[in-house]
Amino acid sequence: MSDIADRVKKIVVEHLGVEEDKVVENASFIDDLGADSLDTVELVMAFEEEFGIEIPDDAAETIQTFGDAVKFIKEAA
Amino acid sequence: MTDLTGKTALITGASGGIGGAIATALHGAGAVVGLSGTRVEPLEALAGELGDRAHVLPCNLSDMEAVEALPKQAAEAMGSVDILVNNAGITRDNLFMRMSDEDWQSVINVNLTASFKLCKAVMRGMMKARWGRIVNITSVVGATGNPGQANYAASKAGMVGMSKSLAYEVASRGITVNCVAPGFISTAMTDKLTDDQKSAILGQIPAGAMGAPDDIAAAVRYLASMDAGYVTGTTLHVNGGMAML
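Residues numbered from 1 in each chain as written. Chains lettered and ligands numbered in written order. Predicted model: local features only at pLDDT ≥ 70, side-chain atom pairs only at ≥ 80, totals over all residues. Heavy atoms only, no water.

1. A few points about the overall build of chain B
Here's step 1: Along its length, chain B carries nine helices and seven strands.
Here's step 2: For chain B, the C-alpha radius of gyration of 17 Å lies close to 18 Å, the compact-globule estimate for 245 residues.
Here's step 3: Taken along its principal axes, the extent of the C-alpha atoms in chain B is 50 × 40 × 40 Å.
Here's step 4: Scored against the burial criterion, the 245 residues of chain B give a buried share of 49%.
Here's step 5: Across chain B, every contact between residues at least 6 apart in sequence was considered, and the portion connecting residues at least 24 apart equals 67%.
Here's step 6: Within the structure as shown, chain B displays about 11400 Å² of accessible surface, and the carbon and sulfur contribution to it stands at 53%.
Here's step 7: Charge separation in chain B, taken as the distance between the mean sites of 18 positive and 21 negative side-chain charges, equals 9 Å. (Helix = DSSP H or I, 4+ residues; strand = E, 2+ residues; numbered from the N terminus. Rg over C-alpha atoms; globule rule 2.2 N^0.38 Å. Buried < 20%, exposed > 50% of the residue type's maximum accessible area, 1.4 Å probe, protein only. Contact = heavy atoms within 4.5 Å. Areas by Shrake-Rupley, 256 points an atom, 1.4 Å probe, with all protein chains shown as cover. Lys, Arg positive; Asp, Glu negative; His and termini not counted. Charge placed at Lys NZ, Arg CZ, Asp CG, Glu CD.)

In structure tokens form, the structure reads like this:
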């Protein structure tokens, strides 16, 4: 697993208080990991800070799963 | 006593009577205050009176670029914005049938849109801190209506709806969003009224007197305090009983 994926996973685990092995490629933040819609906003904020990138609102809406987040950040970072 | 030591507060319209009283009350409770307003001189004078823990942050809220820059300037000066008081407001009174689009839009822009932008900009820091207080200063006329003030009343009622919706969204993050709705308060604005106008107004106020800026400041200080942590989405009417809502 890449360094970016590890860092994203750490943020998700810390923020949502979920087990690390639940955070898999297709895990949906809302449906599988118990996030509410405001949690997803906070996750995006945390990704922006961790990776020093800006995630516009329309892009943030497309980030639904752990895999989506890793893919977006790899392309943006 | 309310203790806001270590908290930072941004107050718009701090050059006016009510805004100045709010800033003084929060500062007196120990907060660091950011004084915003269009007129620099009264802001500097107020900062001089308050002494330490007061920062002057001039901003014209009808200039949307300046509105967007203000939260950043406040965070740079104070380190954070824990408490936001949207107090600044303008009026462009006219009979509805004579109200121009510009009269309408300028009041909505300054009173409602600038408040929206400031709330949004400070929300990130409050969400991270899991603590925040927003107090929006509305008006009794937002609830009752007032002839000649369709734009102003709409902007103030709009702030109430915005505050309630935001309060819903961020309550779980330790952030409260409330309104304080003043009735008639003695300020430079009411000093211009004639004696006849004043007595007509007083006839509608069970308390028999206009309120003072400090009456509003005390309500804001309460809503900004730790004590008010379970109070959110509400409007505290401070009007001497003229409208019991």
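2. Comments concerning the UniProt feature "domain: Carrier" (unreviewed entry) in chain A
Here's step 1: As recorded in UniProt, the feature "domain: Carrier" (unreviewed entry) lies at residues 2–77 of chain A.
Here's step 2: Along residues 2–77 of chain A the backbone is 58% helical and 0% strand, and the end-to-end C-alpha distance reaches 13 Å. (UniProt positions renumbered as here; feature names shortened; annotations may be inferred.)

3. Side note on a negative patch on the surface
Here's step 1: A cluster of acidic side chains, namely D6(A), E19(A), E20(A) and D21(A), defines a negative patch on the protein surface.
Here's step 2: Take D6(A): it is sitting in helix α1 (residues 3–16). (Patch = residues over 30% accessible without salt bridge, like charges linked within 9 Å, V, L, I, M, F, W, Y side chains within 5 Å. Salt bridge = Lys/Arg side-chain N within 4 Å of Asp/Glu carboxyl O.)

4. As for the confidence of the model for chain B
Here's step 1: On average, residues of chain B carry a pLDDT of 96, and 100% of them reach 70 or more.
Here's step 2: Across the interface, the model reports ipTM at 0.80; the global pTM reads 0.93. (pLDDT = per-residue confidence, 0-100.)

5. Points about the environment of V33(B)
Residues and elements named next belong to chain B.
Here's step 1: For V33, the location among the structural elements is in strand β2 (residues 32–37).
Here's step 2: Along the chain, V33 and V81 lie 48 residues apart, while their C-alpha atoms are 9.2 Å from each other.
Here's step 3: The residues contacting V33, other than those within four sequence positions of it, are A9, I11, A23, L26, H27, L50, R53, A54, H55 and M78.

6. A look at the pattern of salt bridges
Here's step 1: On inspection of all chains with the given rule, the structure shows twelve salt bridges over all chains.
Here's step 2: With its nearest N and O atoms 3.0 Å apart, the salt bridge here joins R173(B) to E42(A). Remark: E42(A) occurs in helix α2 (residues 37–51) and R173(B) occurs in the loop between α6 (150–170) and β6 (175–182); the pair is interchain, linking two chains. Here the two residues R173(B) and E42(A) agree in accessibility, since each one is buried.
Here's step 3: Via salt bridges that share partners, D36(A), D39(A), E42(A), R130(B) and R173(B) belong to a single interconnected network.

7. Some details on the UniProt feature "modified residue: O-(pantetheine 4'-phosphoryl)serine" (unreviewed entry) in chain A
Here's step 1: When the UniProt feature table is mapped onto this chain numbering, "modified residue: O-(pantetheine 4'-phosphoryl)serine" (unreviewed entry) sits at S37(A).
Here's step 2: Note that S37(A) resides in helix α2.

8. Some thoughts on unusual backbone geometry
Glycine aside, residues mostly have negative phi angles, and peptide bonds mostly take the trans form.
Residues and elements named next belong to chain B.
Here's step 1: Backbone geometry at R53 places phi at a positive 65°, although glycine is not the residue there.
Here's step 2: Within the secondary structure, R53 is located in the loop between α2 (40–50) and β3 (54–58).
Here's step 3: R53 sits in the partly exposed class, given a relative accessible area of 37%.
Here's step 4: At R130, a residue that is not glycine, the phi angle is positive and equals roughly 60°.
Here's step 5: As for its placement among the helices and strands, R130 is situated in the loop between α4 (101–129) and β5 (132–137).

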